Amino acid sequence: MMDKAPESLVGEMSIMDRSGHKQLTWNMDKLEEIAAAKETFDTLVKQGYSAFGSKTKTEAKHTVKEFDPTMEEVVMVPRTVGG
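These numbers come from a predicted model, not from an experiment.

**Some words on the pairing of strand E3 (residues 50-54)**
Line of reasoning, step 1. Pairing between E3 and strand E5 (residues 73-77): 5 bridges, direction antiparallel. Paired with phenylalanine 52 across the two strands is valine 75, which belongs to E5.
Line of reasoning, step 2. Where E3 and strand E4 (residues 62-64) come together, 3 bridges link them in antiparallel fashion. Within E4, the position partnered with alanine 51 by the bridge is valine 64.

**Examining the pattern of salt bridges**
Line of reasoning, step 1. Applying the stated criterion across every chain yields a total of 5 salt bridges.
Line of reasoning, step 2. A salt bridge links lysine 38 to aspartate 42; its shortest N-O distance comes to 2.6 Å. One end of the pair, lysine 38, and the other, aspartate 42, are both in helix H1 (residues 31-46), 4 residues apart, so they sit about a helical turn from each other.
Line of reasoning, step 3. Judged by relative accessible area, lysine 38 falls into the partly exposed class, the value being 39%.

**Quick word on the side chain of serine 14**
Line of reasoning, step 1. Within the element layout of this structure, serine 14 appears in strand E1 (residues 10-17).
Line of reasoning, step 2. Among the residues examined, serine 14 registers a relative accessible area of 8% and is labelled buried.
Line of reasoning, step 3. For serine 14, the contacting residues outside a window of four places in its chain are His21, Lys22, Gln23, Val74, Val75 and Met76.

**Describing the sheet that holds E1**
Line of reasoning, step 1. Strand order across the open sheet formed by 5 strands is E2-E1-E5-E3-E4, with mixed pairing between neighbours. At either margin of the open sheet sits one strand with a lone partner, and together these are strand E2 (20-27) and E4. Direction aside, neighbouring strands of the sheet carry axes that sit 30 degrees apart on average.
Line of reasoning, step 2. Across 4 bridges, the pairing between E1 and E5 is parallel. Across the sheet, glutamate 12 pairs through a bridge with glutamate 73, a residue of E5.
Line of reasoning, step 3. Taken strand by strand, H1 contacts E1, E2, E3, E4 and E5, and its axis lies near 145 degrees from that of E2.

Calculation notes
- Residues numbered from 1 in each chain as written.
- Predicted model: local features only at pLDDT ≥ 70, side-chain atom pairs only at ≥ 80, totals over all residues.
- Heavy atoms only, no water.
- Pairing = 2+ DSSP bridges.
- Helix = DSSP H or I, 4+ residues; strand = E, 2+ residues; numbered from the N terminus.
- Salt bridge = Lys/Arg side-chain N within 4 Å of Asp/Glu carboxyl O.
- Buried < 20%, exposed > 50% of the residue type's maximum accessible area, 1.4 Å probe, protein only.
- Contact = heavy atoms within 4.5 Å.
- Axes fitted to C-alpha atoms, helices over the stretch in contact; angles between N-to-C directions.

This is the structure in structure tokens:
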């Protein structure tokens with residue numbers, strides 16, 4: 001009897017913008033997907049976005065300064081302009 005391979009973990013980034021939000025996912029086993037997600041993260045942070053993330057979807061989010069591919073969930077929020 002063959003053992004089933006462990007399920008790959010997938011990270012998910014929600015990017016909030018004027019159109020609502022976009023989803024970006026990456027497989028934690030695929031370096032090219034991690035690289036693309038990190039590039040998006042870094043670009044958004046340079047544009048003034050704030051990042052909040054957690055290791056698991058049930059955990060409370062906390063401010064994130066650097067991309068961590070092992071996080072299951074990241075939310076990118078644009079800078080808010082006071083009114």
